[in-house]
Amino acid sequence: AQKITQTQPGMFVQEKEAVTLDCTYDTSDPSYGLFWYKQPSSGEMIFLIYQGSYDQQNATEGRYSLNFQKARKSANLVISASQLGDSAMYFCAMREGGSNYKLTFGKGTLLTVNP
Amino acid sequence: DTGVSQDPRHKITKRGQNVTFRCDPISEHNRLYWYRQTLGQGPEFLTYFQNEAQLEKSRLLSDRFSAERPKGSFSTLEIQRTEQGDSAMYLCASDFTGGGWMAEAFFGQGTRLTVV
């Protein structure tokens, strides 16, 4: 079974609107962290936001917020006030407490922001 | 420090040739990772070093692949007898033990390998 599932291969959003990118995960480890990375066409993975399994509040970083629903095993990324520069691939990833620190990535969602 | 650096950025090689990639992590980071990313997929874990010790290797890392981190600083990834299926982006990432499993991993810009 896939550990990280991103069901949206592509998403479109109008500039200045909000968009939600979906991510569900599967783990039996009580200790884990969920990460979102942005990958523009240049190829570099850029860290956006982190949510720990024991965190009581949803993480926020500027225009990025993470809608963490632990019982449903979902960790959706919300981007508010989309900008043209947000157009990129977005990857959800998980690091499990007993995983020797490696990240497991989903297949990604290609976000296109339209003017 | 300017972040994780990878060299070369692009490599085109003929099938059967050997190639070597280099990764320079952020200087204070003692953990280093190699990932492989094929078109339309997320990165897949290849191997992981803590200081100079290689602590885990993925099943994806066949006998033709070898990675080193001789002094716990830069790392090299060598692919021997390259095959067309090796064509991919090879990403290096680093972080530090003090962050535990919550540490943010910083990625380089990757080396794009094309085997012709």
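Preceding this section is the structure that the text describes.
Quick caveat, the model's predicted, so the values are computed rather than measured. (Residues numbered from 1 in each chain as written. Chains lettered and ligands numbered in written order. Predicted model: local features only at pLDDT ≥ 70, side-chain atom pairs only at ≥ 80, totals over all residues. Heavy atoms only, no water.)

*Asks:* Break down the overall build of chain A for me, citing the residues and quoting the values.
*Replies:* Assigned secondary structure in chain A consists of zero helices and 12 strands. When its helices and strands are written in sequence order, chain A yields β-β-β-β-β-β-β-β-β-β-β-β. With respect to the three principal axes, the spread of C-alpha positions in chain A is 45 × 30 × 20 Å. Counting across all 115 residues of chain A, residues that qualify as buried make up 46%. Excluding contacts between residues fewer than 6 apart, the proportion of contacts in chain A whose partners are at least 24 apart in sequence is 54%. Per element, the accessible surface of chain A, about 5,300 Å² overall, is 49% carbon and sulfur. (Helix = DSSP H or I, 4+ residues; strand = E, 2+ residues; numbered from the N terminus. Buried < 20%, exposed > 50% of the residue type's maximum accessible area, 1.4 Å probe, protein only. Contact = heavy atoms within 4.5 Å. Areas by Shrake-Rupley, 256 points an atom, 1.4 Å probe, with all protein chains shown as cover.)

*Asks:* I'd love a proper account of the pairing of strand β8 (residues 75-79) of chain B, names of residues and values included.
*Replies:* Residues and elements named next belong to chain B. With four of five residues buried, β8 is to be regarded as a mostly interior element. Across five bridges, the pairing between strand β3 (residues 19-24) and β8 is antiparallel. If you follow Thr-20 over to β8, its bridge partner there is Glu-78. In this structure, strand β7 (residues 65-68) lies alongside β8, joined through four bridges in antiparallel fashion. (Pairing = 2+ DSSP bridges.)

*Asks:* Which residues make up the state of the cysteines, and what values do they have?
*Replies:* Residue and element names in this part refer to chain A. Evaluated as defined, the whole model comprises two disulfides over all chains. Between the sulfur atoms of Cys-23 and its disulfide mate Cys-92 the distance is 2.0 Å. Around the S-S axis, the bridge from Cys-23 to Cys-92 shows a dihedral of about -60° and counts as left-handed. One end of the pair, Cys-23, is in the loop between β3 (19-21) and β4 (24-25); the other, Cys-92, is in strand β10 (residues 88-96), with 69 residues separating them in the sequence. Overall, Cys-23 belongs to the buried group, its relative accessible area being 0%. Residue Cys-92 is classed as buried on the basis of its relative accessible area of 0%. (Disulfide = S-S within 2.5 Å.)

*Asks:* Provide a residue-level description of the nonpolar core, including the pertinent values.
*Replies:* Within soluble globular proteins, side chains that are nonpolar tend to cluster in buried spots. Counting residues in each nonpolar core, the largest one holds 24 residues, and the members touching the most others are Tyr-25, Trp-36, Ile-49, Leu-77 and Tyr-90 of chain A. Mapped by element, the contributors of at least two residues to this core are β3, β5 (32-39), β6 (46-52), β8 (64-69), β9 (74-79), β10 and β12 (109-114) of chain A. Look past the residues within four positions of Tyr-90 of chain A in its chain and what remains in contact with it is Gln-6, Leu-21, Trp-36, Tyr-37, Lys-38, Leu-48, Leu-77, Ile-79, Gly-108, Thr-109 and Leu-111 of chain A. Counting 19 residues, the second-largest nonpolar core is a separate cluster that includes Leu-61, Phe-65, Ala-67 and Leu-113 of chain B. (Core = buried A, V, L, I, M, F, W, Y, C linked by side-chain atoms within 4.5 Å.)

*Asks:* Pulling in residues and values, what's your account of the environment of Thr-20 of chain A?
*Replies:* Residue and element names in this part refer to chain A. Relative to the elements of secondary structure, Thr-20 occurs in strand β3. We classify Thr-20 as partly exposed; its relative accessible area is 34%. C-alpha of Thr-20 to C-alpha of Gly-106: the two residues are 86 residues apart in sequence and 16 Å apart in space. Those residues in contact with Thr-20, other than ones at most four positions away along the chain, are Gln-8, Met-11, Asn-76, Leu-77 and Val-78.

*Asks:* I'd like to hear about the interface of chain A and chain B, residue by residue, with values.
*Replies:* Listed per partner, the contact involves 24 residues of chain A and 26 residues of chain B. Across the chain A to chain B interface the summed buried area is about 2,000 Å²; carbon plus sulfur atoms make up 56%. The largest contributions to the chain A side of the interface with chain B come from Arg-95, Asn-100 and Tyr-101 of chain A, which together make up 27% of the buried area. At the junction of chain A with chain B, the criterion picks out two salt bridges. Between Arg-95 of chain A and Asp-95 of chain B there is a salt bridge, and its shortest N-O distance comes to 2.8 Å. Broken down by secondary-structure element, the contributors of at least two residues to the side of chain A that touches chain B are β5, β6 and β10 of chain A. Considering every element that reaches the side of chain A that touches chain B, the biggest residue donor is β5 of chain A, with five residues. Residues of the side of chain A that touches chain B, tallied by class, amount to 10 nonpolar, 10 polar and four charged. (Buried area = accessible area lost by both parts, 1.4 Å probe. Salt bridge = Lys/Arg side-chain N within 4 Å of Asp/Glu carboxyl O. Nonpolar A, V, L, I, M, F, W, Y, C, P; charged D, E, K, R; others polar.)

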